[in-house]
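Residues per chain are reported as follows:
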Amino acid sequence: MKVNSKDIAASAILILLAVVGLWLNLDHNLGSARRMGPGYMPMLVFWTLLGLAGLVLLAAFFSGPDPLQKWTTQESVNLALAIAVGTAVWWVAPNFGTFFSSTYNGVGLGMLAGFLVLCWSLGWRLIGCICAAMCVFALLLEQGGLMLALIGTILVASLAEPEHRDRPLGVMGITIFLLALCWWVFIKQLDIRVSVWPQF
Amino acid sequence: MDLLGNLAHGFYVALSFQNLLFALIGALIGTAIGVLPGIGPVATISLLLPITFGQPATTAIIMLAGIYYGAQYGGSTTAILLNLPGEISSVVTTLEGYKMARNGRAGAALATSALASFFAGTVATVVVAGSGPLLTSVALSFGPADYFSLMLLGLIISAVLAQGSVLKSISMVVLGVALGLVGTDVQTGQQRFTFGVPELSDGIGFVALAMGMFGIAEIILNLERPEARSVLKTKVGSLFLTREEFRRATPSVLRGTAVGTCLGILPGGGASLSSFGSYMMERKVSKNRHLFGTGAIEGVAGPEAANNAAAQTSFIPLLTLGIPSNAVMALMVGALIIQGIQPGPRMVEAQPDLFWGLICSMWIGNVMLLIINLPMIGMWVKLLQVPYKFLYPAILVFCCIGSYSINNNVFDVYMTVLFAVFGVVCSKLKMEPAPLLIGFVLGPMMEEHLRRAMLLSRGDPMVFVERPISATMLAIASVALIAMLLPSLRKGKEAAMAG
Amino acid sequence: MLSRRALLAGGAAVAALPVDARAQDLSAAASSGVAAWPTQPIRLVVPFAPGGTTDLVARMLAQGLQDRLGQPFIIENRPGAGATVGSQQVAQAAPDCHTLLMSNIASHGIAPTLYRTLRYDAVKDFTHVALVVSNPSVFVANPRFAGPTLADVARLSREAPRGIDIASSGSGSSNHLLIVQFGQAANARVNHVPYRGAGPAMTDVIAGVVPLMSDSLPSAAGHIRQGSVRAVAMASAERHPAFPEVPTFREQGIDLVSDSWFGLSGPAGMPPAVVQRLSQSTLAVLAEPGLRIRFTELGGTPGALSPSGYTEFVRAEVARWAPVVRASGAEVG
C-alpha cells in the first residue's frame, strides 16, 4: 500500500483550519466584487485552502508510504491529560489572585501547567520543557524582573537535556553566564525597559 | 561628466570625519540589532529619531541609513547560524545557509553573504546615483492590478521554496495568507478573526511567527536528534570560500543583484519579494540546482545579493518622489521633515549635499559592513563549536527577550510558544514553514491591491488581463503553476522536486 | 554597541521603550504626589504609523515638552482601526499622567459615530489638555488631469460613464468624509478609493492611477510645492497663508470647510494641577517661533486652547461630525 500517512494528517489539519475559517467568516460581510467587504478575501482564501487540502488528501493515497511515528499509549494519555490540565488551570486561574486575572497571566499559567504535564512521557518531554520554559519567562518577567525570569527559564529548559540533570554545577555556570550576558546586552547596552529585579 | 562631479562632491561630504563616524555607528548598531532576534530596524530608528534633531540633516540620514542596511546584514548571520530569520528577507537565507552551516561551511556561507551583499550594494548605489529618476517612472507604471498579479506570481513561485510536495507547499502559502487576514481590515476597519483580543487587532506579529516556527521549533528538533548536533561540532571546514565555491557563487550574485535592483524600486512589497524571487530564479537557472536543499551556495549568494540591492534601491521612490516604500523609509521622511526638508524631486537641486552625500555614504556604509563582518566570521563560527547543550538555553533566552520587547507585551511570548508547537507539528508532517511565511507577508498586500483594482474597474475582473504588465505576470504564473503541478500529479513528488 | 550607549546617554535616555504602565503606575502616583510630576519617562501614544503627520507633530511637541519638564517623552506608535486602537489603550491606562495620547479628529471626532462598537467615550474617558495643531484638507489632482476647478470635477464626473475616482488615506478619515460631502454638495458621481495611509495614495495620484485625492494639507504640502500634484481646492474658511494661490471650496461655490486637528490628552481623572502645568508647557512650546514656522510650512495652525476649551472643542466636533458620518452611509462594526 502506498498510503502517505503524513500527508493524510497534514491535509486533515488543513481541512480543519479551512472549515473553522469559513465558519468564523460567516460573521463578515462579503460585499460585492466591486466593493469587497471584509469577508470576501477570507472566503476566497479558505475555499482555496479547502480545495488544496482535498487535493493533498487525494494525492496522499498514491505518494507513500511515509508512516507517522507511532505514539505509545502513555504518550496519547499524556497528551490528553496535558490538554485537560492546561484547560482546567486556565479556567480556575483567575481565582488565584488578581495577578492571574489580569492580562494574559491566567492563560500563561494554564499553558505552563499543560506543558509541564507533557514532560511526563519521554516522547513529549522536549517540546514540553522548552515551551514551559518560555511560559515561565512570560509569567515571571513583569513582576519578578528579568533576572528571576531568566533563572526560571534556564532551569526549566535545562530539564530537556539529560546531560544537564546529573551536572547541576554546569547548569549553574550557564545560568550565571547568561544572566551576565543578558544584563550587559539588554539592560546596559540596549536599555530595554524591563525591571531587572523583583517588584514588590 | 556631471555624474562624476556630483559623486566627487558626495564623497567629499560623506568622507567628513563626523559623517564617517556616524555611518560607522549606524552600521554597528544595525548589525547588532540584526543579530538580536526581535529587535528590528523600525523600532531602533524610531527610538533614535529624537537624537537626530540636534544633528545636521545629512549626518542624521547617513546614520539611519546605516542602521537600515546594517540590520539586513546582521539578520543573515542568525539565519545562517541558528535558523533564526529576524527579517522577512532572511527567511530565504535560512533555507540553504543553515544547511551549509550544518555541513561545516558556516564560514563560507557568512563570507558569501558579506561579499554578495557588498557587491550588490555597490552596483545598486551606482544605479541609484545614475538612473534613479528614470527608474521612478517604471515604479509609477505599476497599478493596483499589476501589483496584485505580481504578488500572485510571487506566491505561486514561492512554492518552489519547499523541498517536498508542491501541492503541500502551495497549501502552506495559502495557510500563510489566511494567517495574514487576522487583524483589522484596512478598508473598513472591521476586526477579523481576532476573537476580541486587542493584541491581534494589528495582526499576528511576524517576529513571533518566524521565531516560533523556525528558531524555537529548531531547538526542539535539534535536541531530539543528538547525532545531528555532533555534525555541527566536528565538521568545521575552512573559514573562507574555496575557489570552487567562489566560481559557483559569482553568477548567482550577478543575477541576484539584477533581481534585487529591479524589485527594490517598487514601493510596497517589492523589497520583500526580492530575496525569494532570486532564490526561485537560482533554483531554476543555476547549474547546480540539484544541490538545492542540501546547502547550495548559490541559494545564499543570490538572495543575499538581491536583498541588499533592494535595500539600496528602495531609496529611489523616497529620493525622487518623496514617497516612502516601507516603514523604515517612512521614518526617514519623518527625520527629514523634522529637519525642515521635504524629500522629493527638488531635493537633488535644493539639498545637493544631502542627496549626493547620502548616496556616497551608502557605498561607504557597505565597505564598513564588509570590514566589520569579515573578521567576525571566525568568531561566529566558533559559536557553533560551543556544545549544543550550552548553546540552546542562550538561543531560547534571547528569543524570549526578543519576542517580549517587540511590543513590551508577554502576549507575543505566548504567541511564539504556540507557533513553536505548530512548527514542530509541521516539521513532523513535512509541511514547509518558509512558504507559509511568504504567504503571510504578501497576503495582506495582495488583498489590498485586489480590492483596489476591483474598485477602480467597477467590479470588472478583465482589468487583470487587459493591462500588459498584469497580463504578463499572470501568464508567467499560470505557466509556472502548470509546470510545477503536472509532474507532481503524474509522477509523484520526486519528479516535482527535481524539476 | 558601546557607541550606542553613549549616544543614548546624550539623548536623555530616549531609547527607553515604554514601561508597562499597569504594574508600576498606581504606586508611583500614590507615593509621589502631584508636585513631583513627572517622576518617570512619559509615554506619548501616537495612534498612527511612524512618519505620518500626527507622528511628526508629536515628535516635535515631545522634544519641546521634554526640555521643559525634565523627563524624556517616549513616542509609542499604536496604529490601527482609524486611530481607535491606541486611543482605547490610553483610555484604559492609569491616570497618573505618565501615559498621554495624541488625540485627533479620527479617533475623537469621527470614530464615536462611525464605529458602532467603540469602547470609549471621546469626552468622558479622557482628560483633554490642549489643542496642538489644526490644518485644512485639500483636494489635489494629477497635473495631467483636465479639471482645474471643482465645477469641472463635478461636470466630468457626471459625463464619465463610471463617475470619478477620488483617493483618500483611509475609510472614515475626515478626508474620506470630505469626498462624500463634496459628492452630495456638488451633485458629483464620486467613487471613493481608500488606501493604507496618505503615502501610497499619493503615489497612485502622481502615477495617474487615481486622478484626484482628498488629503490633509501637511502631507500634501511638499508635493504641491514641487508640482508633482496640483491643488484644486482648499477646504478652509479663508485662503491658507502658506498657499495663498489655492482657492477655497467656498470661493468655488461649494460651502464646505474641513479641518483636521491633533491634540494632547490623557486618561480620565488626571489631577487638575498636573493638567494645568502640562497645558501651560504645551502652550509655551507651541508659542516658540521655530516651531510655529515649522508648523506653518507644513500647512498647520498651532492651537491655543485651555484644557476646558479643548474639551468643549472635542464635544463640539463629535456633534458636528455625527450627521456627516450618518449621511455618508459609512459605518464600521
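Residues numbered from 1 in each chain as written. Chains lettered and ligands numbered in written order. Predicted model: local features only at pLDDT ≥ 70, side-chain atom pairs only at ≥ 80, totals over all residues. Heavy atoms only, no water.

Where an unreviewed UniProt entry is consulted, chain C appears under the name Tripartite tricarboxylate transporter substrate binding protein, with the organism given as Siccirubricoccus deserti. Checking UniProt for chain C, the heading Sequence similarities (unreviewed entry) contains the comment "Belongs to the UPF0065 (bug) family." (UniProt positions renumbered as here; feature names shortened; annotations may be inferred.)

As named in an unreviewed UniProt entry, chain B is Tripartite tricarboxylate transporter permease, taken from Siccirubricoccus deserti.

Once that is clear, we can look at the packing of aromatic side chains. Enumeration according to the criterion identifies 14 aromatic pairs over all chains in this entry. Between the aromatic rings of tyrosine 68 of chain B and phenylalanine 315 of chain B, the centroid separation amounts to 6.2 Å while the plane-to-plane angle is 70°, which identifies the pairing as edge-to-face. In this pair, tyrosine 68 of chain B sits in helix 4 (residues 57–82) while phenylalanine 315 of chain B sits in helix 14 (residues 315–321), placing the two residues 247 residues apart along the sequence. Taken individually, tyrosine 68 of chain B and phenylalanine 315 of chain B each receive the classification buried, so the pair is uniform in this respect. Taking 5.0 Å as the distance between ring centres and 55° as the angle between the ring planes, the aromatic pair formed by phenylalanine 148 of chain B and phenylalanine 464 of chain B counts as tilted. A residue pair is termed long-range when its members are at least 10 positions apart, and phenylalanine 148 of chain B in helix 7 (residues 144–157) and phenylalanine 464 of chain B in helix 21 (residues 463–466) qualify at 316 residues. Among the residues examined, phenylalanine 148 of chain B registers a relative accessible area of 11% and is labelled buried. In this structure an aromatic cluster arises from ring pairing among Phe11, Phe118 and Trp363 of chain B. Here arginine 452 of chain B stacks its cationic end above the ring of tyrosine 195 of chain C, 3.6 Å away from the centre of that ring. (Phe/Tyr/Trp six-rings, centres within 6.5 Å; stacked < 30°, edge-to-face > 60°. Helix = DSSP H or I, 4+ residues; strand = E, 2+ residues; numbered from the N terminus. Buried < 20%, exposed > 50% of the residue type's maximum accessible area, 1.4 Å probe, protein only. Lys NZ or Arg CZ within 6 Å of the ring centre and 35° of its normal.)

Looking now at helix 11 (residues 243–265) of chain B. Over its 23 residues, helix 11 of chain B extends 34 Å from the first C-alpha to the last, a length consistent with the 33 Å expected when each residue adds 1.5 Å. The sharpest bend along helix 11 of chain B comes to roughly 30°, located at alanine 249 of chain B, with the proline proline 251 of chain B sitting one to four residues further on. (Expected span 1.5 Å × (residues − 1). Bend = angle between axes of the 7 residues up to and from the residue.)

Okay, the pairing of strand 6 (residues 190–194) of chain C next. All names here are of chain C. Most of strand 6 is tucked away: 4 of the 5 residues are buried. The sheet contact formed by strand 5 (residues 164–168) and strand 6 spans 5 bridges and is parallel. Within strand 6, the residue paired with isoleucine 164 across the bridge is valine 190. Note that the unit made of strand 5, helix 7 (residues 174–186) and strand 6 has a crossover that is right-handed. (Pairing = 2+ DSSP bridges. Right-handed = clockwise from strand over helix to strand, strands pointing away.)

If you look at the biggest cluster of nonpolar residues, it comprises 181 residues, and the most contacted ones within it are Ile130 and Phe137 of chain A together with Leu436 of chain B. At 22 residues, the largest contribution of residues to this core is made by helix 6 (residues 122–158) of chain A. Both domain 1 (5–60) and domain 2 (73–189) of chain A contribute no fewer than three residues apiece to this core. Discounting chain neighbours no more than four positions away, the residues touching phenylalanine 137 of chain A are Leu146, Ala149, Leu150 and Thr153 of chain A together with Cys400, Ile401, Tyr404 and Val413 of chain B. Ranked by size, the runner-up nonpolar core spans 80 residues in total, among them Tyr69 and Ile337 of chain B together with Ile42 and Leu44 of chain C. (Core = buried A, V, L, I, M, F, W, Y, C linked by side-chain atoms within 4.5 Å. Domains from an automatic or database assignment. Contact = heavy atoms within 4.5 Å.)

Before going further, it helps to examine the domain arrangement of chain C. Residues and elements named next belong to chain C. Domain boundaries in chain C define domain 1 (2–135 + 260–328) and domain 2 (136–234). If you look at the interface, domain 1 gives 14 residues, while domain 2 gives 15 residues. Both faces combined, the contact of domain 1 with domain 2 buries some 1,200 Å², and carbon together with sulfur accounts for 63% of it. At the boundary of domain 1 with domain 2, the tally comes to 0 salt bridges. Elements that contribute at least two residues to the side of domain 1 that touches domain 2 include exactly helix 5 (105–114), helix 11 (289–298) and helix 12 (307–328). Ranked by the residues each element gives to the side of domain 1 that touches domain 2, the list is headed by helix 12, at 5 residues. Of the residues in the side of domain 1 that touches domain 2, the class split is 8 nonpolar, 5 polar and 1 charged. (Buried area = accessible area lost by both parts, 1.4 Å probe. Salt bridge = Lys/Arg side-chain N within 4 Å of Asp/Glu carboxyl O. Nonpolar A, V, L, I, M, F, W, Y, C, P; charged D, E, K, R; others polar.)

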